[in-house]
Amino acid sequence: MKLMKKLTALVLAAAMAVSLNLPVTNVKAADWTQSGAYGAVVNYKTPENAGNADLLWSYRPKEGWYAESMPIIAGDYIYTADANSGYLVKLTKDGKRVNEGKGKLADTLYWVANICYGDGKIFVPLDNGRIQAFDADTLDSVWISEPTSNSDAITSKLTYHEGYVYGGNKANAEGAGAYYAIKTEDEDSDKTEEEKKFAWTYTEADTSFYWEKGTVIGNYFVVGDLSGKLLVLDRKTGNKVDEVVLDSGFSGAGITYDEKSNTFYFISNNTVVYQYRLSSDGKLQEMKRSKPICSGGYSASTPTISDGRLYVGGRNGSYGSKGFLAVVDADTLELQYKAEAVSDVQSQPLVTTAYGTSANQNQTVVYFTANNKPGAIYYITDSKTAGSAVVKELFVPENSKQNYCMSDVIADEDGTLYYKNDSNYIFAVGKKTSDPETPKPETKPETKPDQTAQEKVQPITYHKDSKRKVKVSWKKKSGAKGYVIYAKGGKGKYKKLKTVGKVTAKTVTVKSGYHYRFRVRPFKYVKKGKKSVRKYYKSVGAKGKNGAKTVTATFGNVKGYQGYAVYMKVGKGSYRKVKDSAKGGEISYIKKKAKVGKTYTFCLKGYKIIKGKKVYTMLKTKRI
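Our subject in this report is the structure included herewith. Quick caveat: nothing in here was measured; it's all calculated off a predicted structure.

**Quick look at the overall build of the protein**
Here comes step 1: In terms of helices and strands, the protein carries one helix and 46 strands.
Here comes step 2: Once local pairs closer than 6 in sequence are excluded, the contacts in the protein between residues at least 24 apart make up 56%.
Here comes step 3: A total of about 28000 Å² of accessible surface is found on the protein, and carbon and sulfur atoms cover 48% of it.

Written out as structure tokens, the structure reads:
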């Protein structure tokens, strides 16, 4: 039954090309409403290009495919719900799990679940049609809702606003979908899983709210459905106030409200962008609608508005076709340009305005994901006068962590980007620590006045040792009692490696960085007087088969910081942390089973704790 449910969901996902969890990252978690005001716009100095993007860490609770929610940020922590372990997971900003063993889910998750934060709580929609609330600090369960009217999972993105959580699910067997609201307050603090009633339920025939996230505007809740109805509900009673029927439906696209102009924006699944306004009595007023961004195209993306421009994604044709990131004038709804992406862009774009200056006409960097392997972060650089842009890769996961991706990219105030792909790894991508805003490395520690010259800090030294295993084999020589193995690296001379007995293969260790040739010289024992001595035959060629290699990176004379971290990257991949050290002196890291022919680059970073946070500085980088 679970398998059929999963397969059905996957088919629906392919048909509707949904988008996922809407990040509201322009305010601190304590102030979050997740109503979508202004869309996902931040003023943080995130990595502005691939050259200064660095993988800080990646985290996956367990191996294998399983349901896992998109990550969210609340305060100083990252949260995700994990069906494999059955827990709400809480991570520090450096990727360490805290409160392990807390946050036990009362049921499994739907294959895609979208959690949200508000009122000091994390809200998790469960597969049995309930919402479970957890204390964001302790991860203790606070309450659990009654089942939905059809006992089916809430599949929309959850919305929190002023003491209420809103969510909807798809149509039931009778073809009626429903939306729900529940108050977030804990009426009985002595119970951890008391059943809490929904404040209201709105249901209607011939409608479905599969992945449809709504937005609170004043006293009203505005949401679209798959058939193309745009609904206005009283946010506290659920009574319908108004509705309009559009030319096309919604497919997971959310609504973005611009408080400055009192208008809201959304895109239908046939790539038409709409601008609406809501009157004080909750009536819908259409202001403008665009021409289709792409004739025959499709969109399930939520727009982001920044400085008079809308950013929204989609694809150019049927499922599997190329994608796009469109830039639309927010006033006229005229298409400014469309940047081609590798695949369907289903995420809501994340915009940072931290790099805007008068010299470059308010330059912005726009991040998004595309639903294809490798499941990377992509970006464009835009300005108010730009008429085109090229989509570039910001971060690409290593091969073992690549998979399809519908995730939004979110950011914290430190400028770190977070997202996940279907490998179920959560990635934290930040700016390289060589950024000029970070403290420069100290050349010597604090010393006493009488410290001798011999005690002064020496520059950090670096030593590499790269070896690889090679299985050498040869033909048997009749009468031989043993063999001497020789190796020649590059244009050098043959050198003796090892003497072995009556075998025809042996694994030897050689230095990396050379192309080796091998020979063996058979021998037997003969009498010479009273002694047995070796008599050698003519040497013959031998074959060498590469195995894994071992790479050792050693940093010496390390001093002056409160702690250290060794990072490693393979080839042109991204750095990942491989070792922490609380002590300096000499720091070594051994990479076992490294691949022959691959280049390994190591860097050492030192950190100091400033205002409770680790601030890293690049100290040394070396390539092997």
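So that's the structure; there's more coming.
**With respect to unusual backbone geometry**
What you tend to see is this: most non-glycine residues have negative phi, and most peptide bonds are trans.
Here comes step 1: Here the phi dihedral of Asn262 falls at roughly 55°; this positive angle occurs in a residue that is not glycine.
Here comes step 2: As for its position among the elements, Asn262 is in the loop between strand 20 (256–258) and strand 21 (263–267).
Here comes step 3: Residues other than glycine seldom take positive phi values, yet Asp307 does so here, at roughly 50°.
Here comes step 4: Mapping Asp307 onto the fold places it in the loop between strand 24 (304–306) and strand 25 (309–315).

**Overview of the pattern of salt bridges**
Here comes step 1: Overall, the coordinates contain 24 salt bridges when judged by the stated rule.
Here comes step 2: For the salt bridge of Asp140 with Lys102, the shortest nitrogen-to-oxygen distance reads 3.1 Å. Of this pair, Asp140 sits in the loop between strand 9 (131–135) and strand 10 (141–145) while Lys102 sits in the loop between strand 6 (97–98) and strand 7 (116–118), placing them 38 residues apart in sequence.
Here comes step 3: Note on Lys102: relative accessible area 38%, which makes it partly exposed.
Here comes step 4: The network of salt bridges with common partners includes Arg130, Glu146, Glu195 and Lys197.

**Looking at the side chain of Ser268**
Here comes step 1: Relative to the helices and strands, Ser268 resides in the loop between strand 21 and strand 22 (273–278).
Here comes step 2: Since its relative accessible area comes to 0%, Ser268 is described here as buried.
Here comes step 3: Once you skip the residues sitting within four places of it in the chain, Ser268 turns out to touch Ser248, Gly249, Tyr274 and Ser299.

**Some words on the environment of Asp206**
Here comes step 1: Here Asp206 lies in the loop between strand 15 (200–205) and strand 16 (215–217).
Here comes step 2: The spacing of Asp206 and Ala176 is 30 residues in sequence and 5.5 Å in space, taken between C-alpha atoms.
Here comes step 3: Excluding residues that lie within four positions of it along the chain, Asp206 makes contacts with Gly175, Ala176, Asp225, Ser227 and Lys229.

**As for the layout of surface pockets**
Left-over empty space is what a probe sized like a water molecule reveals as it rolls over the atoms.
Here comes step 1: The volume enclosed by the second largest pocket comes to roughly 760 Å³.
Here comes step 2: What lines the second largest pocket is a set of 28 residues, among which Glu398, Val570, Lys572, Gly573 and Ser574 lie closest to the centre.
Here comes step 3: Those elements giving two or more residues to the lining of the second largest pocket turn out to be strand 2 (53–59), strand 31 (392–395), strand 42 (563–570) and strand 44 (585–594).

**Quick notes on the nonpolar core**
Here comes step 1: Ranked by size, the top nonpolar core spans 22 residues in total, and within it Leu350, Tyr367, Ile377, Leu417 and Val429 carry the most contacts.
Here comes step 2: Contributing elements (two or more residues each) for this core: strand 2, strand 29 (364–369), strand 30 (377–382), strand 31, strand 33 (417–420) and strand 34 (426–431).

**As for the sheet that holds strand 16**
Here comes step 1: Read from one edge of the open sheet, four strands run 16-17-18-19, paired in antiparallel fashion. Across the chains shown, the open sheet's two edge strands, defined by having one partner strand only, are strand 16 and strand 19 (240–245). Ignoring which end each strand starts from, the neighbouring axes of this sheet average 20° apart.
Here comes step 2: Pairing of strand 16 with strand 17 (residues 220–224), which is carried by three bridges, proceeds in the antiparallel orientation. Within the sheet, the bridge partner assigned to Ile217 lies in strand 17 and is Tyr220.

**Let's talk about the sheet that holds strand 25**
Here comes step 1: In space, the four strands of this open sheet follow the order 24-25-26-27, with antiparallel pairing throughout. Each end of this open sheet is capped by a strand with a single partner; those strands are strand 24 and strand 27 (335–341). Recorded for the sheet is a direction-independent mean angle of 25° between the axes of neighbouring strands.
Here comes step 2: As defined by bridge partners, strand 25 adjoins strand 26 (residues 323–329) across seven bridges and the pair is classed as antiparallel.

**Brief notes about the packing of aromatic side chains**
Here comes step 1: Under the definition given, this model contains 28 aromatic pairs.
Here comes step 2: Look at Phe395 and Tyr419: their rings are 6.5 Å apart centre to centre, the planes differ by 80°, and that puts the pair in the edge-to-face class. Residue Phe395 is found in strand 31, and its partner Tyr419 is found in strand 33; the two are separated by 24 residues along the sequence.
Here comes step 3: Members of the aromatic cluster, each reached through a chain of ring pairs, are Tyr164, Tyr166, Tyr179, Trp200, Phe209 and Phe221.
Here comes step 4: The ring of Tyr567 carries Lys605 above its face, with NZ or CZ at 3.9 Å from the centroid.
Here comes step 5: One residue, Lys608, lies across the ring of Tyr561, its end atom 5.4 Å from the ring centre.

**Some thoughts on the environment of Asn421**
Here comes step 1: Tracing the chain through its elements places Asn421 in the loop between strand 33 and strand 34.
Here comes step 2: Exposure remark for Asn421: the relative accessible area of 1% places this residue in the buried category.
Here comes step 3: Put simply, Asn421 and Lys373 are 48 residues apart on the chain and 9.1 Å apart in space, counted from C-alpha to C-alpha.
Here comes step 4: Setting aside residues up to four positions removed in sequence, Asn421 forms contacts with Pro374, Gly375, Pro397, Lys401, Gln402, Asn403, Tyr404, Cys405 and Phe427.
Here comes step 5: A polar contact of 3.3 Å, which involves the side chain of Asn421, links it to the backbone oxygen of Gly375.

**Some remarks on a positive patch on the surface**
Here comes step 1: On the surface, Lys467, Lys469, Lys495, Lys498, Lys506 and Lys511 cluster together to form a positively charged patch.
Here comes step 2: Listing elements by their share of the positive patch, those giving two or more residues are strand 35 (461–473), strand 37 (495–500) and strand 38 (505–511).
Here comes step 3: Looking at where Lys498 falls in the secondary structure, it is placed in strand 37.

**A word on the pairing of strand 26**
Here comes step 1: Most of strand 26 is tucked away, with six of its seven residues classed as buried.
Here comes step 2: As defined by bridge partners, strand 26 adjoins strand 27 across six bridges and the pair is classed as antiparallel. Among the inter-strand pairings, Ala326 is bridged to a residue of strand 27, identified as Lys338.
Here comes step 3: What sits between the antiparallel neighbours strand 26 and strand 27 is a turn of five residues, in which Leu333 has the positive phi angle 65°.

**Notes on the pairing of strand 40 (residues 531–536)**
Here comes step 1: Where strand 39 (residues 516–528) meets strand 40, six bridges bridge the pair, whose relative direction is antiparallel. From the neighbouring strand, Lys524 faces strand 40, where its bridge partner is Lys535.
Here comes step 2: Between strand 39 and strand 40, which pair antiparallel in sequence order, lie two residues; one of them, Gly529, sits at a positive phi of approximately 70°.

Rules used in this analysis
Residues numbered from 1 in each chain as written. Predicted model: local features only at pLDDT ≥ 70, side-chain atom pairs only at ≥ 80, totals over all residues. Heavy atoms only, no water. Helix = DSSP H or I, 4+ residues; strand = E, 2+ residues; numbered from the N terminus. Contact = heavy atoms within 4.5 Å. Areas by Shrake-Rupley, 256 points an atom, 1.4 Å probe, with all protein chains shown as cover. Salt bridge = Lys/Arg side-chain N within 4 Å of Asp/Glu carboxyl O. Buried < 20%, exposed > 50% of the residue type's maximum accessible area, 1.4 Å probe, protein only. 1 Å grid on protein atoms, 1.4 Å probe; cavity = no way out; pocket = protein on both sides within 12 Å on 5 of 7 lines; lining within 4 Å. Points joined across faces, edges and corners; volume = space filled by probe spheres on them. Core = buried A, V, L, I, M, F, W, Y, C linked by side-chain atoms within 4.5 Å. Pairing = 2+ DSSP bridges. Axes fitted to C-alpha atoms, helices over the stretch in contact; angles between N-to-C directions. Phe/Tyr/Trp six-rings, centres within 6.5 Å; stacked < 30°, edge-to-face > 60°. Lys NZ or Arg CZ within 6 Å of the ring centre and 35° of its normal. Polar contact = N/O pair within 3.5 Å; in protein donor to acceptor, adjacent residues only side chain to side chain. Patch = residues over 30% accessible without salt bridge, like charges linked within 9 Å, V, L, I, M, F, W, Y side chains within 5 Å. Lys, Arg positive; Asp, Glu negative; His and termini not counted. Charge placed at Lys NZ, Arg CZ, Asp CG, Glu CD.

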